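In case you want the letters, here they are:
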Amino acid sequence: MTDNPEWRPCPCAQPADESPVAWRPRLVFAARDYVTGDAFTVVECPQCGLVRTQPRLSAAALAKYYPKSYHGAAGARRFPSVVEWLQNCLYAGRAARVERAAGGRPGHVLDVGCGRGHLLRAFQRRGWQVAGTEIDRHTAELVRAETGADVRPGLLEAFAGADGGFDAVVLWHVLEHLHDPAQVLRDCARLLRPDGTLFVGVPDVRSWEARIGGNKWFHLDVPRHVTHFSRPVLRDLLGRAGFAVLAESSVAPEYDLFSFVQTMLNRLGLRHNILYNALRSGAARLFPMDATDWLQVLVSVLLAMPLSALFLPWMLATVILRCGATVAIIATKTSRLPGGGQTG
Ligand SMILES: [Zn+2]
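If you're wondering where the values come from, they're calculated on a predicted model, not measured in any experiment. (Residues numbered from 1 in each chain as written. Predicted model: local features only at pLDDT ≥ 70, side-chain atom pairs only at ≥ 80, totals over all residues. Heavy atoms only, no water.)

**Some remarks on the overall build of the protein chain**
The line we're drawing: Here a helix means four or more residues in a row that DSSP labels H or I, a strand means two or more in a row labelled E, and each is numbered from the N terminus. Burial here depends on accessible area, computed with a 1.4 Å probe over protein chains only, as a share of the maximum for the residue type. Under 20% is buried, over 50% is exposed, and the range in between is partly exposed. Whether two residues are in contact is decided by their heavy atoms: any pair within 4.5 Å suffices. Each accessible area value is a Shrake-Rupley result obtained with a 1.4 Å probe; residue values ignore everything except the protein chains displayed when judging cover.
Within the protein chain one finds 10 helices and 11 strands. A buried classification covers 52% of the 344 residues belonging to the protein chain. Within the protein chain, contacts between residues separated by at least 24 positions form 70% of all contacts whose residues are at least 6 apart in sequence. Element-wise, carbon and sulfur atoms account for 58% of the exposed surface of the protein chain, whose accessible area totals about 15,400 Å².

**A few points about the environment of Pro46**
As for its position among the elements, Pro46 is in the loop between strand S2 (39–44) and strand S3 (51–54). Residue Pro46 is classed as partly exposed on the basis of its relative accessible area, which comes to 43%. Taking C-alpha positions, Pro46 is 7.3 Å from Arg24, a pair spaced 22 residues apart along the chain.

**Points about empty space enclosed by the protein**
So the rule is basically this: Here a cavity denotes grid points, spaced 1 Å and computed from the protein atoms alone, that fit a 1.4 Å probe unable to get out, and a pocket denotes an open set having protein on both sides within 12 Å along at least 5 of 7 lines; residues with an atom within 4 Å of a point are the lining. Grid points are joined across faces, edges and corners, and a volume is the space filled by probe spheres set on the points. Amino acids outside the nonpolar list (Ala, Val, Leu, Ile, Met, Phe, Trp, Tyr, Cys, Pro) and the charged list (Asp, Glu, Lys, Arg) are all regarded as polar, and Gly is one of them. An automatic or database domain assignment supplies the start and end points of every domain.
For the structure on display, the rule yields 6 cavities of 30 Å³ or more. Size it by volume and the largest cavity reaches roughly 90 Å³. When contributions to the lining of the largest cavity are tallied by element, the ones reaching two or more residues are helix H6 (208–213) and helix H10 (291–320). A total of 5 residues in the lining of the largest cavity trace back to one element, the largest contributor, which is H10. Class assignment for the residues of the lining of the largest cavity results in 8 nonpolar, 3 polar and 2 charged. For the lining of the largest cavity, the domains that each give at least three residues are domain 1 (69–254 + 326–333) and domain 2 (256–319).

**So, the sheet that holds strand S11 (residues 326–333)**
Applied cut-off: By definition, two strands form a pair when at least two bridges between them are found by DSSP. Orientation is described by lines fitted to C-alpha atoms, with helices fitted over the stretch in contact, and by angles between N-to-C directions that extend from 0 to 180 degrees.
Strand order across the open sheet formed by 7 strands is S6-S5-S4-S7-S8-S11-S10, with mixed pairing between neighbours. Either end of the sheet is taken by a strand with one partner, and the two such strands are strand S6 (150–153) and strand S10 (243–249). The sheet shows a mean angle of 15 degrees between the axes of neighbouring strands, taken without regard to direction. Pairing between strand S8 (residues 192–203) and S11: 7 bridges, direction antiparallel. Opposite Gly201, over in S11, you have Ala328 as the bridge partner. Running over the sheet, helix H3 (residues 118–125) touches strand S4 (108–112), strand S5 (129–134), S6 and strand S7 (166–172) and is turned about 175 degrees from S5.

**What to know about the side chain of Glu176**
Residue placement: Glu176 occurs in the loop between S7 and helix H5 (181–191). Excluding anything up to four places from it in sequence, Glu176 contacts Gly201, Val202, Pro203, Arg224, His225, Val226, Thr227 and Phe229.

**As for the pairing of S5**
Along any regular strand, the residues point their side chains to alternate faces of the sheet. To keep it simple, the criterion reads: Here a crossover is taken to be right-handed if, once the strands point away from the viewer, the path from the first strand over the helix to the second is traced clockwise.
The buried fraction of S5 is high, at 5 of 6 residues. Bridge count for S4 against S5 is 5 bridges, and the pairing is parallel. Paired with Val112 across the bridge in S5 is Thr133. Crossover connection from S4 via H3 to parallel S5: handedness right-handed. Where S5 lies against S6, 4 bridges are found, and the strand directions are parallel.

**Some words on the sheet that holds S2**
Pairing is antiparallel across the open sheet formed by 4 strands, whose spatial order is S1-S2-S3-S9. Each edge of the open sheet carries a strand with a single partner, namely strand S1 (26–32) and strand S9 (227–228). The pairing of S1 with S2 spans 6 bridges and is classified as antiparallel. The partner of Ala31 across the bridge, within S2, is Phe40.

**Here we look at the nonpolar core**
Operational definition: The term nonpolar core refers to a set of buried residues drawn from Ala, Val, Leu, Ile, Met, Phe, Trp, Tyr and Cys, joined through side-chain atoms within 4.5 Å.
The biggest cluster of nonpolar side chains holds 35 residues, and the ones touching the most others in it are Leu110, Leu171, Leu175, Leu198 and Phe243. At the level of elements, S4, S7, H5, S8, helix H7 (231–240) and S11 are the ones that each hand at least two residues to this core. Ranked by residue count, the leading element in this core is H5, at 6 residues. Leaving out residues up to four positions away in the same chain, Leu171 has contacts with Val112, Val184, Leu185, Cys188, Leu198, Phe199, Val200 and Gly201. Of all hydrophobic cores here, the second largest spans 22 residues; its members include Trp128, Val130, Val151 and Ile330.

**Description of the packing of helix H2 (residues 81–101) against H3**
Quick reminder of the rule: Here is the rule for angles: anything less than 35 degrees is roughly parallel, anything more than 145 is roughly antiparallel, 65 through 115 is roughly perpendicular, and the remaining ranges are oblique. Crossing handedness: left-handed means the near helix sits turned counterclockwise from the far one by under a right angle, and right-handed means the same turn made clockwise.
Interaxial distance between H2 and H3 falls to 8 Å at its minimum, and their mutual angle equals 55 degrees. When the axes of H2 and H3 are compared, the pair comes out oblique. Taken as a pair, H2 and H3 cross one another with a handedness that is right-handed. Residues Glu84, Gln87, Asn88, Tyr91, Ala92, Arg94, Ala95 and Val98 of H2 lie in contact with H3, whose contacting residues are His118, Leu119, Ala122 and Phe123. Residue classes in the contact of H2 with H3 are distributed as 7 nonpolar, 3 polar and 2 charged.

Structure (structure tokens):
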């Protein structure tokens, strides 16, 4: 693995540590992109436990793995309207939770990787001043035009110079798309005012669903997901970046049932994520579907019924034992500075 020219040490490695065998990553499994069929490996850092997709692709190479349909066409829905309605209810609840953690009144929020701006709108409806970043320039312009919010193309660097200017920063299913999550969290800390609130959500690569799914897990999504987190690793990264965890949850209803069903269908040998692709509206499909694929969709729908019935006891167990497929954490910036590494 370390012989691969595109292999890089884990971001946790210090410059002096870069070559020793002790840093050789442990192979978790090989995995393919379900859109292109390209092969990748998923490896774990023996030092910090961060799981990563290899080889590490440049931003330009990675951009090719985001089809134009990934965010959906302008003005069009990605999913059926009932799903989008459910999403809006859930985002409203999340904005309310962040507001409670941030002192119970509206403030200034930055949504990093805001996508189509669902969460941003939920904050706006509560009276927040909202800002966002989105890596896809066209989507950023679209959301800016639709909401009037200060949405800039790019990542955190788009708000360089706004240090201490935000009451809350949101990283909702974004961190797994980024190569150096430790640096991103340090940058978030810098953008937040003292005692500011961070809201972060990621898939949990050590969850039961991930263990059953293996390289067929719905949330694995290589190579678009370049880092993969477990709860202890995420909590550790947050602590090192100067955050204290206030609350942790593993319920994300818009994902949970579906990712369980789709993961099981993938494991049963159906085409990877075929139901997910079928449910996306025509312009947002990630791969074209032929007649055989639609037959598989029919089989998937039939199997989805018993799988959904299985999901209820499964969900209760994962909620009680806190091992759901995704994790959401609300953290607060502590006045205590992390030991070193606070430079940008
Ligand atoms: Zn590491």
